[in-house]
Amino acid sequence: MAPTSDNAPYDGEGNGVNKISAGRSSLQRYGSQNKETEANIFPESAVEADADLEKTGAIPKSTPPPGGVNPADFPDGGLEAWLVVLGGWCCLFCSFGWINCIGIFQDYYQTHLLQQYSSSTVSWIPSMEVFCMFIGGPIFGKVFDNYGPRYLLLFGSFFHVFGLMMASLSTQYYQFLLAQGVVSSLGASAIFYSAMNSVGTWFFINRAAAFGIIASGSSLGGVVIPIMVSRLIPKIGFPWTMRAAAFMILGMLIIANLTVKSRLTPKPKRVDVMEFIRPLREPAFALICVASFMFFFGTFLPFNYVIIQAQKDGMSASLSLYLISILNAASIFGRIVPGIIADRIGRFNVMIVTTAFSAIIVLALWLPSSGNAPIIVFCILYGFSSGAFVSISPSLVAQISPIREIGVRTGTLFLCVSFAGLTGNPIGGALVSRDHGDFLYLQLFCGLAMVVGTLVFVASRWVQCGFKLKVI
């Protein structure tokens, strides 16, 4: 094929187009960000043109091989695509929404069922939930890429509900750890990745907004479930409360199983461990993983310990039980609004701003707070700012990845995050014990880990476009 000019975009057949008509859709003017795929629609390596046309200004330092999927193929809307978003919203309500209310169980187990254990020991249950939620990423990402979301979602639905039913029968520490910490959470993980990876195949221009909408389901789950659990336990007891939550989750997962699907036809390939390791050779992606790991060290510490810390500082038990719901209610807006803005001014830009703000309010507000009002204000602000992390991070991966590797690469990202989730809460509990029951050390650890994570996000942006003021 004859070469075209550097700035000439391509049509759907891979032919150069020298002039773009004024009325042509913006989607058709874009080159692809996906540099490596089996489609091979774009034979010319046009990384610079792609970056200029999408106005991200990001020219990767390490350029993948040429080829790509035409962004015009993405529906970016329509009934089918928005039904996938609806199902994805239900998925995150049931999976990440359940994980978001771990503070309720930390408090209840520590004061009732497992009061003979230290806070650090009890915290291994919610930490194992977070770990199993993310550790399945590489496996479930590969299953998604090879076979689509259908069987993955069915598997997750069964084990999430089964694990909660078994937790309702548990009385010993190891039983809670296995049922709620492992079985239920692995099911929630499969549900989570089914939704996140499916939505990414339907949206391009509005990808961060779509991720933000489904991520708001986890926030609303984090509002409803803590209130539901704290109100039902005194009335019907812990076992039937867990069963009621499991039946509610089952109902929402039925909707999810009927609506969630991938736009791409699955193409099974053999398992290659290097698929998960190879993306780490790209500086931008590797730095995203490091940044997410560091930021996640502190992310769940307020979720897990703000109730206990508030009660120690004099807040009534009845009011403190609403703190998790307040935090998650604020994160509904934090997961939608930053995603919409990110599609306009750049996903990396918004991620840096929101993670920096999270670190600031932890160190400047949560650290010195001691009364009801500042703790409630902290929960509102932290819920908003930290909510952007979950909704935008998958879109960062999708932005710099080939479309058929989104599942694997998202799994690699959350595999890195899982180890921070596993160790963050026990480290926090150990710091509380070291501080003789105070929370100063924990709050410092939380805030400083977020500061480091923010700086590494800045580094990931820098390797793509330097410190230039660009949409990226």
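If you're wondering where the values come from, they're calculated on a predicted model, not measured in any experiment. (Residues numbered from 1 in each chain as written. Predicted model: local features only at pLDDT ≥ 70, side-chain atom pairs only at ≥ 80, totals over all residues. Heavy atoms only, no water.)

Participant: Tell me what's going on with the overall build of the chain, and back it up with residues and numbers.
Facilitator: The secondary structure content of the chain amounts to 20 helices and 0 strands. In the chain, which comprises 472 residues, the share counted as buried stands at 58%. The long-range fraction of contacts in the chain, counting pairs at least 24 apart against all pairs at least 6 apart in sequence, stands at 82%. Split by element, the accessible area of the chain, about 17700 Å² in all, is 68% carbon and sulfur. (Helix = DSSP H or I, 4+ residues; strand = E, 2+ residues; numbered from the N terminus. Buried < 20%, exposed > 50% of the residue type's maximum accessible area, 1.4 Å probe, protein only. Contact = heavy atoms within 4.5 Å. Areas by Shrake-Rupley, 256 points an atom, 1.4 Å probe, with all protein chains shown as cover.)

Participant: An account of the packing of helix H13 (residues 283-299) against helix H18 (residues 372-399) is needed here, citing residue identities and associated values.
Facilitator: At a closest axis distance of 12 Å, the pairing of H13 and H18 adopts a crossing angle of 155 degrees. With respect to their mutual orientation, H13 and H18 come out roughly antiparallel. Handedness of the H13/H18 crossing: left-handed. Contact with H13, carried on its side by Phe285, Ile288, Ser292, Phe295, Phe296, Gly298 and Thr299, involves Tyr382, Phe389, Leu396 and Val397 of H18 and no other residues of that element. For the contact of H13 with H18, the per-class residue count stands at 8 nonpolar, 3 polar and no charged. (Axes fitted to C-alpha atoms, helices over the stretch in contact; angles between N-to-C directions. Parallel < 35°, antiparallel > 145°, perpendicular 65-115°, else oblique. Left-handed = near helix turned anticlockwise from the far one by under 90°. Nonpolar A, V, L, I, M, F, W, Y, C, P; charged D, E, K, R; others polar.)

Participant: For the nonpolar core, give the residues involved together with the corresponding values.
Facilitator: In this structure, Trp98, Tyr109, Phe134 and Phe192 are the most contacted members of the largest nonpolar core, which totals 117 residues. Here this core gets 17 residues from one element, more than from any other, and that element is helix H11 (residues 207-259). For Phe134, the contacting residues outside a window of four places in its chain are Phe96, Ser189, Phe192, Tyr193, Phe296, Phe414, Leu415, Val417 and Ser418. Grouped together as the second largest cluster of nonpolar side chains are 5 residues, Phe74, Ala398, Ile403 and Ile406 included. (Core = buried A, V, L, I, M, F, W, Y, C linked by side-chain atoms within 4.5 Å.)

Participant: Outline the side chain of Ser369, supporting the account with residue identities and numerical values.
Facilitator: Considering the arrangement of structural elements, one finds Ser369 in the loop between helix H17 (347-366) and H18. A polar atom in the side chain of Ser369 sits 2.9 Å from the backbone oxygen of Trp366. Excluding residues that lie within four positions of it along the chain, Ser369 makes contacts with Gln309, Asp313, Pro374 and Ile375. (Polar contact = N/O pair within 3.5 Å; in protein donor to acceptor, adjacent residues only side chain to side chain.)

Participant: Just give me the short version of the confidence of the model for the chain, but keep the residues and values in it.
Facilitator: Low pLDDT marks stretches whose predicted atomic positions should not be read closely. Averaged over every residue, the pLDDT of the chain is 80; residues scoring 70 or more account for 84%. Per-element mean pLDDT across the chain ranges from 36 in helix H2 (residues 47-54) up to 94 in helix H9 (residues 150-168). Per-residue pLDDT stays below 50 along residues 1-68; that stretch engages in 132 contacts with residues further than four places along the chain or on separate chains. (pLDDT = per-residue confidence, 0-100.)

Participant: So what's going on with the packing of helix H7 (residues 124-135) against helix H10 (residues 173-200)? Residues and values would help.
Facilitator: Running from N to C, H7 and H10 point in directions that differ by 30 degrees, and their axes come no closer than 7 Å. Relative to H10, the element H7 lies roughly parallel. You can see that H7 and H10 cross each other, and the crossing is right-handed. Across the interface between the two elements, Trp124, Ile125, Met128, Glu129, Cys132, Met133, Phe134 and Ile135 from H7 touch Tyr173, Phe176, Leu177, Gln180, Gly181, Val182, Ser185, Leu186, Ala188, Ser189, Phe192 and Tyr193 from H10. Across the contact of H7 with H10, the residue classes break down as 15 nonpolar, 4 polar and 1 charged.

Participant: I'd like a rundown of the packing of aromatic side chains, residues and numbers included.
Facilitator: If you walk through the whole model with that rule in mind, you get 33 aromatic pairs. Measuring from centroid to centroid gives 5.6 Å for Tyr108 and Phe238, while their planes differ by 10 degrees, and the two rings are stacked. Placement of the pair is Tyr108 in helix H5 (residues 102-113) and Phe238 in helix H11, with a sequence separation of 130 residues. Taken as a pair, Tyr108 and Phe238 share a single burial class, namely buried. Centroid distance Tyr109 to Phe176: 4.9 Å. Interplanar angle 45 degrees. Geometry classified as tilted. With a gap of 67 residues between them, Tyr109 in helix H5 and Phe176 in helix H10 connect regions that are remote in the sequence. Of the residues examined, Tyr109 reaches a relative accessible area of 1% and is grouped as buried. With relative accessibility at 0%, the residue Phe176 sits in the buried group. Positioned above the aromatic ring of Trp240, the side-chain terminus of Arg243 is 4.7 Å from the ring centre. Over the ring of Phe285 we find Arg409; its NZ or CZ atom is 5.6 Å from the centre of that ring. (Phe/Tyr/Trp six-rings, centres within 6.5 Å; stacked < 30°, edge-to-face > 60°. Lys NZ or Arg CZ within 6 Å of the ring centre and 35° of its normal.)

Participant: Give me the lowdown on the side chain of Thr241, citing residues and values where you can.
Facilitator: Residue placement: Thr241 occurs in helix H11. The class for Thr241 is buried, based on a relative accessible area of 1%. Side-chain polar atoms of Thr241 contact the backbone nitrogen of Ile233, separated by 3.3 Å. What Thr241 contacts, discounting residues up to four positions off in sequence, is Val229, Leu232, Ile233 and Ile236.

Participant: Give me the state of the cysteines: which residues, what numbers.
Facilitator: Here the structure, examined in full by the defined rule, presents 0 disulfides. Cys94 takes part in no disulfide bond, and the closest cysteine sulfur, belonging to Cys90, lies 6.6 Å away. (Disulfide = S-S within 2.5 Å.)

Participant: Residue-level account of unusual backbone geometry, with values.
Facilitator: Backbone geometry places His436, a non-glycine residue, at a positive phi of 60 degrees. Residue placement: His436 occurs in the loop between helix H19 (406-434) and helix H20 (440-465).

Participant: Any chance you could break down H7 for me, citing the residues and the numbers?
Facilitator: Its 12 residues place the ends of H7 15 Å apart at the C-alpha level, agreeing with the 16 Å of an ideal helix rising 1.5 Å per residue. Among the 12 residues that make up H7, 10 are buried, leaving the element largely enclosed by the rest of the structure. Taken residue by residue, H7 has Ile125, Pro126, Ser127, Met128, Glu129, Val130, Phe131, Cys132, Met133 and Phe134 as its buried positions. (Expected span 1.5 Å × (residues − 1).)

Participant: Tell me about a nonpolar patch on the surface, and name the residues and values.
Facilitator: Together, Ile236, Trp240, Phe247, Leu250, Ile254 and Leu258 line one region of the surface with nonpolar side chains, adding up to about 640 Å² of accessible area. Among the secondary structure elements, Ile254 is positioned in helix H11. (Patch = residues over 30% accessible without salt bridge, like charges linked within 9 Å, V, L, I, M, F, W, Y side chains within 5 Å. Salt bridge = Lys/Arg side-chain N within 4 Å of Asp/Glu carboxyl O.)

Participant: Please provide a residue-by-residue account of the environment of Gly334, values included.
Facilitator: With respect to the helices, strands and loops of the structure, Gly334 is situated in helix H16 (residues 323-345). Gly334 gets classed as buried once you look at its relative accessible area, which sits at 0%. It is 3.9 Å that separates the C-alpha atoms of Gly334 and Phe384, two residues lying 50 residues apart in sequence.

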